[in-house]
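The chain contents come next:
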Amino acid sequence: MYLCYIDGEFKKPEDAKLPISDLIIQRGVGVFEVMATHDLKILMLTPHLERFKNSAESCGIINLPDVEFMKKIIHEGVLKINKDVRVKAYLSGGDVFDEATGKFTNPRFFVIFEAQDVVSNETRSKGVILDPVPYGRDDPNVKSVDYRKTYQNHSGTFETLYCPDGEITEAGHSTFFLIVNNILITAPLNRVLKGTTRAAIIELAKSENIKVEERCPLWSELAGASEAFITGSVKKVVPVVKIGGIVIGNGKPGTITQKLSNLYDKYISRWLE
Ligand SMILES: *Cc1c(COP(=O)(O)O)cnc(C)c1O
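Residues numbered from 1 in each chain as written. Predicted model: local features only at pLDDT ≥ 70, side-chain atom pairs only at ≥ 80, totals over all residues. Heavy atoms only, no water.

## Here's the deal with the overall build of the protein chain
Of regular secondary structure, the protein chain possesses 6 helices and 16 strands. Computed over the C-alpha atoms, the radius of gyration of the protein chain is 19 Å, within 12% of the 19 Å expected from 2.2 N^0.38 for a compact globule of 273 residues. Principal-axis analysis of the C-alpha atoms places the extent of the protein chain at approximately 50 × 40 × 35 Å. Among the 273 residues that make up the protein chain, the fraction classed as buried is 52%. In the protein chain, the proportion of contacts linking residues at least 24 apart, taken out of those at least 6 apart, comes to 70%. In the structure as shown, the protein chain presents an accessible area of about 12800 Å², 49% of it carried by carbon and sulfur atoms. Here the protein chain holds 34 positive side-chain charges and 35 negative ones, and the gap between their average locations is 4 Å. (Helix = DSSP H or I, 4+ residues; strand = E, 2+ residues; numbered from the N terminus. Rg over C-alpha atoms; globule rule 2.2 N^0.38 Å. Buried < 20%, exposed > 50% of the residue type's maximum accessible area, 1.4 Å probe, protein only. Contact = heavy atoms within 4.5 Å. Areas by Shrake-Rupley, 256 points an atom, 1.4 Å probe, with all protein chains shown as cover. Lys, Arg positive; Asp, Glu negative; His and termini not counted. Charge placed at Lys NZ, Arg CZ, Asp CG, Glu CD.)

Rendered as structure tokens:
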């Protein structure tokens, strides 16, 4: 960790403290965003902060700092460190739950600036294994700090994959895509988090005349699928070659995945702010 912003100022990580009265600690009430930077610019800053606001509001967290202020703090932190970092912004439940309105009225806004742990080229070229679980996330539209359900991974797997009732929604920290008969399938926005990378990948696929279906991929489709991948702001596009005991396609990263990954890298500056 390089730097924090908390209590209205930038602090060294060892000086950044959160009181134990905060409901993020006591009850797990809080939302967050993870952002990547490239050339000291922030990837998808506006969509991330829109989602941040929506997540907070869905949890009853109100009186947020305004978006322009949050943007200023995030830019300032990155410039202070003067290298590309991973930015994690949080809104905690704060110390107060107002019974009358059912709202958390005094959230704490804090930001962590830390090393960007990029996925290695070796992992990208081999592809990863996902660990399926037979349930979904509680509030699909909220990026809540409660990630307990993602800590079930068996060793050697990269992330959890949520598969409630024979459908596949999303991965633990990422959007999931499946390719069947050259059609790109990903869950619709009423079932999953509104991934910022998801939006970019769908846009690129459409520009390449790849057909996109926004519906939950089915567990029963895995056996006939040719490719799969997951996306997220820091990991970008990561090929998936196995889900539980099921090998996807020929067990190697696929060509459509590679193409979309290359296009995303090529055009990434479009989404920098
Ligand atoms: C953070 C996260 C994502 C990725 O969102 P991006 O905006 O692409 O970084 C997707 N799904 C879940 C469940 C997440 O927590």
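## Quick word on helix α5 (residues 196-207)
Here α5 contains 12 residues, and its C-alpha end-to-end distance of 17 Å stays within 8% of the 16 Å for a straight helix at 1.5 Å per residue. Listed in full, the buried residues belonging to α5 are Thr-196, Thr-197, Arg-198, Ala-200, Ile-201, Ile-202, Leu-204 and Ala-205. In the segment just after α5, Asn-209 is the residue with positive phi, at about 60°. (Expected span 1.5 Å × (residues − 1).)

## Concerning helix α3 (residues 67-81)
End to end, α3 covers 22 Å across 15 residues, agreeing with the expected 21 Å (1.5 Å per residue, within 8%). By the burial criterion, the buried members of α3 are Met-70, Lys-71, Ile-73, Ile-74, Gly-77, Val-78 and Ile-81. Burial along α3 is one-sided: seen end-on, the buried residues are contained in an arc of 165°. Residues of α3 that are exposed and point over 90 degrees away from its buried face: Glu-68, Leu-79 and Lys-80. (Arc of directions from axis to C-beta.)

## A short note on the nonpolar core
The nonpolar side chains of a soluble globular protein tend to be buried with one another. Residues Leu-43, Leu-184, Ile-201, Phe-229, Leu-260, Tyr-264 and Trp-271 are the most contacted members of the largest nonpolar core, which totals 32 residues. Sorting elements by how many residues they give to this core places α5 first, with 5 residues. Every residue in contact with Ile-201, bar those within four places of it in the chain, is listed here: Phe-177, Leu-184, Phe-229, Thr-231, Val-237, Leu-260 and Tyr-264. Ile-73, Ile-74, Phe-109 and Phe-113 belong to the second largest nonpolar core, which has 27 residues in total. (Core = buried A, V, L, I, M, F, W, Y, C linked by side-chain atoms within 4.5 Å.)

## Overview of the packing of α5 against helix α6 (residues 255-267)
The contact between α5 and α6 brings their axes to 10 Å, and the two run at 110°. As far as their axial angle goes, α6 and α5 are roughly perpendicular. Each of Thr-197, Ala-200, Ile-201, Leu-204 and Ala-205 in α5 lies in contact with α6, whose residues at this interface are Leu-260, Leu-263, Tyr-264 and Tyr-267. Class assignment for the residues of the contact of α5 with α6 results in 8 nonpolar, 1 polar and no charged. (Axes fitted to C-alpha atoms, helices over the stretch in contact; angles between N-to-C directions. Parallel < 35°, antiparallel > 145°, perpendicular 65-115°, else oblique. Nonpolar A, V, L, I, M, F, W, Y, C, P; charged D, E, K, R; others polar.)

## Some remarks on the pairing of strand β3 (residues 30-38)
With 9 of 9 residues buried, β3 is to be regarded as a mostly interior element. Residues of β3 alternate between two faces, with Gly-30, Phe-32, Val-34, Ala-36 and His-38 on one and Val-31, Glu-33, Met-35 and Thr-37 on the opposite face, all of them buried. Note that β3 and strand β4 (residues 41-42) share 2 bridges and pair antiparallel. Directly across from Thr-37, in β4, lies its bridge partner Ile-42. (Pairing = 2+ DSSP bridges.)

## Side note on the sheet that holds β3
The strand order β2-β1-β8-β5-β3-β4 describes an open sheet built from 6 strands, whose pairing is antiparallel. Whereas interior strands pair on both sides, the edge strands pair on one side only; in this sheet they are β2 (9-11) and β4. Taken together, the 6 bridges between strand β5 (residues 86-92) and strand β8 (residues 109-114) define a ladder with antiparallel strand orientation. If you follow Tyr-90 over to β8, its bridge partner there is Phe-110. Running over the sheet, helix α2 (residues 45-58) touches β3, β4, β5 and β8 and is turned about 175° from β3. This element, α3, spans β1 (3-6), β2, β3, β4, β5 and β8 of the sheet and lies at about 25° to β8.

## Description of the site of the ligand
If you check the shell around the ligand, you find 17 residues, and the closest are Lys-143, Tyr-147, Thr-196, Thr-197 and Ser-233. Between the ligand and Ser-233 there is a distance of 2.6 Å, counted from an oxygen atom to a side-chain nitrogen or oxygen. If the ligand stood free it would expose 390 Å²; the protein chains cover 97% of that surface. The set of elements that each furnish at least two residues to the shell around the ligand consists of α2 and α5. Looking at the shell around the ligand, its residues break down into 3 nonpolar, 10 polar and 4 charged. (Near = heavy atom within 4 Å. Polar contact = N/O pair within 3.5 Å; in protein donor to acceptor, adjacent residues only side chain to side chain.)

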